[in-house]
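Chain by chain, the residues run as shown.
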Amino acid sequence: MKAKKDAPDRMGEITQQLEDGVRKIFESGEFERYLRTMSRFHHYSVNNSILIFMQRPDASLVAGYTSWQKNFQRHVKKGEKGIFILAPCPYKVKKEQEKKDDLTGRPLLDQGGKPLKEVAEITQVSFRPAAVFDISQTEGKELPTIGVEDLQGQVSEYDTLLKVLKEISPVPIGFEEISGGSKGYYSLGEQRIAIQADMSQLQTIKTMVHEIAHSKLHAIDKDATPEEKAQRPDQHTREVQAEGVAYVVCQHLGLDTSDYSFSYVASWSTGKELSELKSSLDTIRTASAEIIDAIQHQKERQPKKEKLGMEKDEERYPCVLQALAKRKRRKIVPEAEKKRKNYEAIR
């Protein structure tokens, strides 16, 4: 019988998994598989998304053993092995520190000119191994469809998505004829995004997300110092990050990603430090989560009355229904009354 691993042993194993996982992700074929996992867990830290990918790359929705029971009315199947991630454990400690003025933030001094001290309670965070289980390892009450949608070649609600992407972009987006075969570009100097006109809906959305990622991640002040400019990632790194973000966002939205190729990632990562590789993964995760959340937020804000197609009528004829009733010298006709009631219900 195997001896149960204690917390220090488990932490050591998880740390090693993370180090091995980062290197493995940048091997041929693995980068794209990892990005698929990230698209399902874009709110998880890079460490935990790597750990999930290493242990169960097909996972789609995870929760703790008790959480499945209490929150979802499901239970973990007998014999299932947990996916170990790092769970935060906040704790409070008392620490002596300088007493500061609430308004200025400067240290308060005693009569001798020395800083006054006080004991404050501060919160620190440590991490412990915690087991979670994928939905495929559980059974019980059926759940609604969650997470990424099935991949599709067409873009559902294309006009809405186009409008939303323009709204969340840090810079204006325009369509034009671009010479040289480029599908789009982000102009740092002009602070705008150009997209090739008349492309397919799918290619248009993919390109827009790619260029929005550039504008969010790689903008730099035109008056930046040489030292600040030197900190900007090189061109290959910028492309890996922007394409990674576009893949994660499109995968999450259920758009066909079969034409993405990351064969160049293996050679790009050769010779790079582990910290640099992990930093790029974190950059992709953070930007993807921001864009996905922004898209969802903006889509929820789209006015419902657009669905009834009444915006233009309301703008042009504010009292169109009342005028119609007056003209016919009788009560509002049933069809107009029906429209009025539907409209009032969503105002």
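Residues numbered from 1 in each chain as written. Predicted model: local features only at pLDDT ≥ 70, side-chain atom pairs only at ≥ 80, totals over all residues. Heavy atoms only, no water.

Enquirer: Summarise the overall build of the protein; cite the residues concerned and give the values.
Expert: Of the regular secondary structure elements, the protein holds 13 helices and 8 strands. The buried share of the protein, reckoned over its 347 residues, is 35%. Expressed as a percentage of contacts within the protein between residues at least 6 apart in sequence, the contacts between residues at least 24 apart total 68%. Total accessible area computed for the protein in this model is approximately 21800 Å², and 48% of it derives from carbon and sulfur atoms. (Helix = DSSP H or I, 4+ residues; strand = E, 2+ residues; numbered from the N terminus. Buried < 20%, exposed > 50% of the residue type's maximum accessible area, 1.4 Å probe, protein only. Contact = heavy atoms within 4.5 Å. Areas by Shrake-Rupley, 256 points an atom, 1.4 Å probe, with all protein chains shown as cover.)

Enquirer: Give a description of the packing of helix α6 (residues 201–217) against helix α8 (residues 235–253) that names residues and reports values.
Expert: Contact geometry for α6 and α8: axes closest at 8 Å, N-to-C directions at 130°. Regarding the angle of α6 to α8, the classification is oblique. The two elements α6 and α8 meet at a crossing, and its hand is right-handed. Counting all contacts with α6, which are made through Lys206, Val209, His210, Ala213, His214 and Leu217, the residues of α8 involved are Arg238, Glu239, Gln241, Ala242, Glu243, Val245, Ala246, Val249 and Cys250. Along the lines of polarity and charge, the residues of the contact of α6 with α8 split into 8 nonpolar, 3 polar and 4 charged. (Axes fitted to C-alpha atoms, helices over the stretch in contact; angles between N-to-C directions. Parallel < 35°, antiparallel > 145°, perpendicular 65-115°, else oblique. Left-handed = near helix turned anticlockwise from the far one by under 90°. Nonpolar A, V, L, I, M, F, W, Y, C, P; charged D, E, K, R; others polar.)

Enquirer: Requested: an account of the pairing of strand β4 (residues 117–134), with residues and values cited.
Expert: In the sheet, strand β1 (residues 62–64) pairs with β4 via 3 bridges, with the strands oriented antiparallel. The residue of β4 that forms the bridge with Ala63 is Phe133. Note: strand β3 (residues 83–98) against β4, 16 bridges, orientation antiparallel. By the bridge assignment, Lys95 is partnered in β4 with Ala120. (Pairing = 2+ DSSP bridges.)

Enquirer: Please give an account of the packing of aromatic side chains that cites residues and values.
Expert: Enumeration according to the criterion identifies 10 aromatic pairs in this entry. Both rings, one in Tyr34 and one in Phe53, keep their centres 5.6 Å apart while their planes meet at 80°; by these two values the pair is edge-to-face. Taken as a pair, Tyr34 in helix α2 (residues 30–40) and Phe53 in helix α3 (residues 46–55) lie far apart in primary sequence, 19 residues in all. For Tyr34, a relative accessible area of 0% puts it in the buried group. When its relative accessible area of 3% is taken as the criterion, Phe53 is described as buried. (Phe/Tyr/Trp six-rings, centres within 6.5 Å; stacked < 30°, edge-to-face > 60°.)

Enquirer: A description of the sheet that holds strand β7 (residues 184–187) should follow, citing residues and the corresponding values.
Expert: Overall, mixed pairing links the 3 strands, which are arranged β6-β8-β7 in an open sheet. Looking along the sheet, the strands with just one partner apiece sit at the ends: β6 (173–176) and β7. Pairwise comparison of adjacent strand axes, ignoring direction, gives a mean angle of 25° for this sheet. The pairing of β7 with strand β8 (residues 192–196) spans 4 bridges and is antiparallel. Its bridge partner lying in β8, Ser187 is registered against Arg192. Across the sheet, α6 touches β6, β7 and β8, and the angle it forms with β8 is around 160°.

Enquirer: Could you give an account of the pattern of salt bridges, with specific residues and numbers?
Expert: Per the counting criterion, the structure on display carries 10 salt bridges. The residue Arg56 makes a salt bridge to Asp58 at a minimum N-O spacing of 3.9 Å. Note on Arg56: relative accessible area 24%, which makes it partly exposed. Among the residues examined, Asp58 registers a relative accessible area of 53% and is labelled exposed. One connected set of salt bridges, linked through shared partners, spans Glu176, Glu190 and Arg192. (Salt bridge = Lys/Arg side-chain N within 4 Å of Asp/Glu carboxyl O.)

Enquirer: Would you mind going over the nonpolar core in detail, with residue names and values included?
Expert: With 53 residues, the main nonpolar core has Phe26, Phe31, Tyr34, Leu35, Leu165, Ile205 and Ile295 as its most contacted residues. Here this core gets 9 residues from one element, more than from any other, and that element is α8. Membership of the second largest hydrophobic core comes to 7 residues, among which are Ile52, Ala59, Val62 and Ile83. (Core = buried A, V, L, I, M, F, W, Y, C linked by side-chain atoms within 4.5 Å.)

Enquirer: Can you break down unusual backbone geometry residue by residue, with the values?
Expert: Positive phi values are uncommon outside glycine, yet Gln73 reaches one of about 55°. Within the secondary structure, Gln73 is located in the loop between α4 (65–72) and β2 (74–76). At Glu157, a position not held by glycine, the phi torsion is positive, near 55°. By secondary structure assignment, the location of Glu157 is in the loop between β5 (138–140) and α5 (158–168).

Enquirer: Lay out a negative patch on the surface in plain terms, naming residues and giving numbers.
Expert: On the surface, Asp221, Asp223, Glu227 and Glu228 cluster together into a negatively charged patch. Here Glu228 lies in helix α7 (residues 226–230). Relative accessible area serves as the criterion here: at 43%, Glu228 is assigned to the partly exposed category. (Patch = residues over 30% accessible without salt bridge, like charges linked within 9 Å, V, L, I, M, F, W, Y side chains within 5 Å. Lys, Arg positive; Asp, Glu negative; His and termini not counted. Charge placed at Lys NZ, Arg CZ, Asp CG, Glu CD.)

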